[in-house]
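# A structural walkthrough
If you want the building blocks of each chain, they are given just below.
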Amino acid sequence: MTASLTRRHLLTAALAAGVAVPLGAGRGLASPKRLMLPPPTGPHPVGTVPLHLIDTSRLDPVAGPGHHPELMADVWYPATRDARRHPVKAWMPAAPMHALFESAGLDADVAPPRTAGHQGAPVLRPAGRRPVVVFSHGAADQRSEATVVVQELVSHGYVVVTVDHPYDPFGEFPDGRLRLPADDVPVTPWDHARDIRFVLDRIEDLAAGRNPDAQGRPLPAGLGAALDPHRVGMFGFSKGATATALVMNTDRRVRAGLSLDGPMLSGPRPAELDRPFMLMTAAFTPGADESGVGEFWPLLHGWRLQVHTAGATHIGYCDYPWLIPQLAAVNGMSGEQVTDWIGTLPPARAVRIQRAYPLAFFDLHLRHLRQWLLERPSPAFPEVKFVP
């Protein structure tokens, strides 16, 4: 992905167009407004546990000799009914969340939303191992940006691993170190792809009963036995979508890939793919400048599908269409300003699409369950157009 197409530059362009709001508006109030996320619809409660991972096979490009890349990941899994006894995971820690919103001119005195994930909750023991899906975030963002999709998959029986990429996320390490995107360190989709291949190795460690956490923090009992390392899918947003194709080019452990509005051929170019791949487009359409989608489509020689959501912006497949209107209410943004951010697609419709299509895709290709939703346009989703 070229620098001009990163999410940070898209946000900067929006701010220059007049979408900016006062930074830190209302900061210091005794009771900040808590943002909210919609709950998932599946039958299973959601558990989650963080992992602090260190890739000792590589040297850190900034820290110098003897230092290796560090990254944070979350493992999300179906939990037992008593999961509610465990603390609820925040969407992300407050400090990096405010840094993220401030970088976009959207910061306000708000508390992070609570997810549906209960930290360290007991693992729901399945009859067999569960399919695993890995998520790669967009440029200068963070691993929680698609929590709506992640929670939905988990509530329907998947294990999902979300990854913060070194020098590209807003995040925090267990010792309290804040990690912000480094403008002076180029991070390409190939870097994301290398991170994901490292994480795939750690998933195999978990499935074999080993604990890859750098501090050896305890994992929920039975977590490894719930993972099927032979049924792995991947999805990514923007730069993470490009990385999804690159991982599939170099690692056959990923059996199916989903792009959430990725610029598929800008920068590093994916090669031909013979496994299932689906494109969900918004800004990066086949006819859009520098999208690469039109050139990437003929490289897909396995099952393939391209759908386009009318009225959505680039961030339309993440949590932001749901969160930005809440920030707007605190910051006093106009309806026109909100539309500049999230488009004309109502947030509730964006959430319905995020819940339905990724789940259908992975159910088809990791569980081999027929999905009528992917065979023809659905009257339940008139905004979603099939692209020939």
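Reference entry: report on the structure contained in this document. From a predicted model like this one, the values you see are computed outputs, not experimental measurements.

On a plain count of helices and strands, the protein chain comes out with nine helices and 15 strands. Over its C-alpha trace the protein chain gives a radius of gyration of 20 Å, about what one expects of a compact globule, namely 21 Å for 388 residues. Each of the three principal axes of the protein chain carries a C-alpha extent, and together these read 50 × 50 × 45 Å. Burial analysis of the protein chain (388 residues in total) assigns 59% to the buried set. Partitioning the intrachain contacts of the protein chain with sequence separation of at least 6 by distance along the chain shows that 75% fall at a separation of at least 24. Here the protein chain contributes 37 positively and 37 negatively charged side chains, and the mean placements of these two sets differ by 8 Å.

With that settled, the discussion passes to the packing of aromatic side chains. Scanning the entire structure with this criterion turns up eight aromatic pairs. Ring centres 5.3 Å apart and planes at 70° place the aromatic pair tyrosine 357 and phenylalanine 381 in the edge-to-face group. Residue tyrosine 357 is located in helix α9 (residues 347-366), and its partner phenylalanine 381 is located in the loop between α9 and β15 (384-386); the two are separated by 24 residues in the primary sequence. Note on tyrosine 357: relative accessible area 0%, which makes it buried. Residue classification places phenylalanine 381 among the buried residues on the basis of a relative accessible area of 6%. Among the aromatic side chains, those forming a connected cluster through ring pairs are Phe135, Phe235, Trp303, Phe361 and Phe362. Of note, arginine 367 hangs over the ring of tyrosine 158, and the distance from its end group to the ring centre comes to 4.1 Å. Above the plane of the ring of tryptophan 372 lies arginine 370, whose end atom (NZ or CZ) is 3.9 Å from the centre.

A few words now on helix α3 (residues 147-155). Among the nine residues in α3, nine count as buried, and that is most of the element. Thr147, Val148, Val149, Val150, Gln151, Glu152, Leu153, Val154 and Ser155 are the residues of α3 that are buried. At the exit of α3 stands glycine 157, carrying a positive phi of roughly 105°.

Two elements, strand β2 (residues 46-54) and strand β6 (residues 114-119), share three bridges in a ladder whose sense is parallel. Directly across from glycine 47, in β6, lies its bridge partner histidine 118. In the sheet, strand β4 (residues 88-90) pairs with β6 via two bridges, with the strands oriented antiparallel. Looking across to β6, one finds that alanine 90 is bridged to arginine 114.

Our next topic: the nonpolar core. What tends to happen in soluble globular proteins is that the nonpolar side chains get buried as a cluster. If you look at the biggest cluster of nonpolar residues, it comprises 62 residues, and the most contacted ones within it are Trp91, Leu153, Phe235, Met278, Met280, Tyr357 and Phe362. The greatest single-element share of this core, amounting to ten residues, is contributed by α9. Other than its neighbours up to four places away in sequence, leucine 153 contacts Val133, Tyr158, Val160, Phe235, Pro358, Leu359 and Phe362. In this structure, Val159, Phe198, Ala207 and Leu273 belong to the second largest nonpolar core, which totals 46 residues.

Here we take up the sheet that holds strand β13 (residues 277-281). Read from one edge of the open sheet, eleven strands run β4-β6-β2-β3-β8-β7-β11-β12-β13-β14-β15, paired in mixed fashion. Of all the strands in the sheet, the pair left with one neighbour each is β4 and β15. Direction aside, neighbouring strands of the sheet carry axes that sit 30° apart on average. Along the sheet, α3 contacts β2, β3 (70-78), β6, β7 (130-136), β8 (159-163) and β11 (227-237); its crossing angle with β3, the most-contacted strand, is approximately 40°. Helix α5 (residues 239-250) contacts β7, β11, β12 (254-260) and β13 of the sheet and is inclined by roughly 140° relative to β11.

Glancing now at the pattern of salt bridges. Taken as a whole and judged by the stated rule, the model has 22 salt bridges. The shortest N-O distance in the salt bridge between aspartate 164 and arginine 143 comes to 2.7 Å. With a gap of 21 residues between them, aspartate 164 in the loop between β8 and β9 (171-172) and arginine 143 in the loop between β7 and α3 connect regions that are remote in the sequence. With relative accessibility at 12%, the residue arginine 143 sits in the buried group.

Looking at the secondary structure, you find alanine 243 in helix α5. Given the relative accessible area of 0%, alanine 243 is considered buried. Not counting chain neighbours up to four residues away, the residues in contact with alanine 243 comprise Ser136, Pro189, His192, Ala193 and Met234.

We now examine the pairing of β12. Within β12, six of the seven residues are buried, which leaves it mostly tucked inside the rest of the structure. With six bridges connecting them, β11 and β12 associate as parallel partners. Bridge pairing in β12 places glycine 236 opposite serine 259. Relative to β13, β12 runs parallel, the two being bridged by four bridges. Bridge pairing in β13 places leucine 258 opposite methionine 278.

The next point concerns the environment of histidine 52. Take histidine 52: it is sitting in strand β2. Spatially, the C-alpha atoms of histidine 52 and asparagine 249 are 27 Å apart, while their sequence positions differ by 197 residues. Excluding residues within four positions of it along the chain, histidine 52 makes contact with Glu70, Leu71, Met72, Phe173, Pro174, Arg177, Pro212, Asp213, Ala214, Gln215 and Arg217.

Before going further, it helps to examine the packing of helix α7 (residues 320-331) against helix α8 (residues 335-342). The packing of two helices is summarised by the inter-axis angle and the distance between the axes. Between α7 and α8, the least distance of the axes is 10 Å, while the angle of their chain directions is 155°. Classified by the angle their axes make, α7 and α8 are roughly antiparallel. Helix-helix and strand crossings are classified by hand; for α7 and α8 the assignment is right-handed. Residue-level contacts link Tyr320, Pro321, Ile324, Pro325 and Ala328 of α7 to Val338, Trp341 and Ile342 of α8. Among the residues forming the contact of α7 with α8, the class breakdown is eight nonpolar, no polar and no charged.

Cut-offs applied
- Residues numbered from 1 in each chain as written.
- Predicted model: local features only at pLDDT ≥ 70, side-chain atom pairs only at ≥ 80, totals over all residues.
- Heavy atoms only, no water.
- Helix = DSSP H or I, 4+ residues; strand = E, 2+ residues; numbered from the N terminus.
- Rg over C-alpha atoms; globule rule 2.2 N^0.38 Å.
- Buried < 20%, exposed > 50% of the residue type's maximum accessible area, 1.4 Å probe, protein only.
- Contact = heavy atoms within 4.5 Å.
- Lys, Arg positive; Asp, Glu negative; His and termini not counted.
- Charge placed at Lys NZ, Arg CZ, Asp CG, Glu CD.
- Phe/Tyr/Trp six-rings, centres within 6.5 Å; stacked < 30°, edge-to-face > 60°.
- Lys NZ or Arg CZ within 6 Å of the ring centre and 35° of its normal.
- Pairing = 2+ DSSP bridges.
- Core = buried A, V, L, I, M, F, W, Y, C linked by side-chain atoms within 4.5 Å.
- Axes fitted to C-alpha atoms, helices over the stretch in contact; angles between N-to-C directions.
- Salt bridge = Lys/Arg side-chain N within 4 Å of Asp/Glu carboxyl O.
- Parallel < 35°, antiparallel > 145°, perpendicular 65-115°, else oblique.
- Left-handed = near helix turned anticlockwise from the far one by under 90°.
- Nonpolar A, V, L, I, M, F, W, Y, C, P; charged D, E, K, R; others polar.

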